[in-house]
Each structure stands twice: as C-alpha cells, then as structure tokens.
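Topology and contacts: notes
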Amino acid sequence: MRFQLLVSSLLACTAAAAPLQARDIITAQTLISDIKGIDDGVNALTASIKAYDGGLIKELPIGADITAIHIANRKGFLDANLRATPFNAADSTAIVEYTASSVGVDIPASVDVLKAKYDVFENQKVVILAGLKLLKNDHDTFSAALVAKITADKENGVAAVAVIDDALQSAIDLYSS
C-alpha cells in the first residue's frame, strides 16, 4: 500500500513538473524520404514503359510500378497529415526544392515517354487510363496535404505541383480519347 502511494506520488510530481509538449515525429526528412520513394517508383515505371513492346506479360512490371508509386504516395499522404504543425521556413524550402528537382522533373519525363508510346499501349488504354487517374488522385491529395504544411517557398511548391498535375492531366486527356 505504501509502495503504491509512493509510486503514485512520484508519477504525479513528475507529470506536474514536466508538462507534455507536442512533438512532431514527422520531420522534413520523413517527407523527403516519402517523395524519394515516389520518385524511385516513377523512375522504375519509366524504365518499364520504355521496355514495353506489347503483350500481357511485359505489362505486369508496369502494373507493379504503379502499385509501388501508389503505396509510396499514400505513405507520404499519411505522413503529411500526421504532421501536427507546419514546417519552419528552412524545412519548407528543403521539401519544395527536393520535390521540384525530383518528381517535378521525373514525372513529366515519364509521362512524355508514355505519351510517345501511345500506339504501343492503344489496346491497353483502359488499364493505362485507370492507372493515370489513380496516380493523379494520389498526387492531388498528397500535394494538398503537403502544401498545407509548408510555410515558405509556397509559390515554388505550388508551381512544382502544377507541373506534375499538368503532365498527368495531359496523359489522361490523351488516353481518354
């Protein structure tokens, strides 16, 4: 009984002496790592698209790459939403610069490769279109969550988002025709 009273008293004193502070376990590096995961998936997808010359078996890596990008994107979306506070200016700038120089370059390049191979993918238009729409929705939701957490360099962040959005939409438009 005395031991319980002693432990309870110590816990109460400790809690009173050290109030809980909100801590963000999601850092800028966490989000940059998430974006790197997406970029790695995009680069793998680009290689798979370049290698594709028709046939169901050769299409499987493309589906696997789209799935990998989707999973990486959903992780980033979750991490951005779990971030309790906005990023400071330095972290915001680091995220924006990494985004612009990685997926901001590689997604449009991948889309250009896909568009150039339209004739090869013509019989798979429905599947390609579904993948594009999934990835665009992923992009839209993750980007919105991430832009909401940055405090500096927002103009460049929004510009990077727009470059990606325009690229994905152009492929959706092509494969919808």
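Report on the accompanying structure. (Residues numbered from 1 in each chain as written. Predicted model: local features only at pLDDT ≥ 70, side-chain atom pairs only at ≥ 80, totals over all residues. Heavy atoms only, no water.)

All right, on to the packing of helix α2 (residues 28-51) against helix α4 (residues 89-101) then. Orientation of α2 relative to α4, taken along the N-to-C sense of each, is 5°, at an axis distance of 10 Å. The pairing of α2 with α4 is recorded here as roughly parallel in orientation. Between α2 and α4, the contacting residues are A28, L31, I32, I35 and K36 on the first element and D91, A94, I95, Y98 and T99 on the second. Looking at the contact of α2 with α4 residue by residue, the class counts come to seven nonpolar, one polar and two charged. (Axes fitted to C-alpha atoms, helices over the stretch in contact; angles between N-to-C directions. Helix = DSSP H or I, 4+ residues; strand = E, 2+ residues; numbered from the N terminus. Parallel < 35°, antiparallel > 145°, perpendicular 65-115°, else oblique. Contact = heavy atoms within 4.5 Å. Nonpolar A, V, L, I, M, F, W, Y, C, P; charged D, E, K, R; others polar.)

Below, the discussion takes up the packing of aromatic side chains. One pass over the structure, following the stated rule, counts two aromatic pairs. Relative to F121, the ring of Y52 lies with its centre 4.6 Å away and its plane at 10°, an arrangement referred to as stacked. Note that Y52 is positioned in the loop between α2 and α3 (56-82) and F121 in helix α6 (residues 118-121), a separation of 69 residues in sequence. Note on F121: relative accessible area 0%, which makes it buried. In this arrangement the basic side chain of R74 is found over the ring face of F77, its NZ or CZ atom lying 4.4 Å from the centre. Sitting over the face of the ring of F87, R83 holds its NZ or CZ atom 4.1 Å from the ring centroid. (Phe/Tyr/Trp six-rings, centres within 6.5 Å; stacked < 30°, edge-to-face > 60°. Buried < 20%, exposed > 50% of the residue type's maximum accessible area, 1.4 Å probe, protein only. Lys NZ or Arg CZ within 6 Å of the ring centre and 35° of its normal.)

Counting residues in each nonpolar core, the largest one holds 37 residues, and the members touching the most others are L31, I95, F121, L132 and Y175. Looking at this core element by element, the count peaks at eight residues for α2. Setting aside chain neighbours within four positions, we find I95 in contact with A28, L31, I32, I35, F87 and L146. (Core = buried A, V, L, I, M, F, W, Y, C linked by side-chain atoms within 4.5 Å.)

On to the environment of T67, then. Considering the arrangement of structural elements, one finds T67 in helix α3. Put simply, T67 and L135 are 68 residues apart on the chain and 9.3 Å apart in space, counted from C-alpha to C-alpha.

Before going further, it helps to spend a moment on the pattern of salt bridges. Summed over all chains, the structure comprises eight salt bridges. D24 is the partner of R83 in a salt bridge, and the nearest nitrogen-oxygen pair spans 3.2 Å. Here the residue R83 occupies a position in the loop between α3 and α4, and D24 occupies one in the loop between α1 (2-17) and α2, the gap between them amounting to 59 residues. Here D138 makes a salt bridge to R74, at a shortest N to O gap of 3.4 Å. Taken together, the residues D138 in helix α7 (residues 125-147) and R74 in helix α3 connect sequence positions 64 residues apart. D138 sits in the buried class, given a relative accessible area of 2%. (Salt bridge = Lys/Arg side-chain N within 4 Å of Asp/Glu carboxyl O.)

Let us now look at the environment of S143. For S143, the location among the structural elements is in helix α7. Residues S143 and G76, spaced 67 residues apart in sequence, show a C-alpha to C-alpha distance of 9.3 Å.

Everything listed here is a matter of geometry and, on its own, says nothing about what the molecule does.
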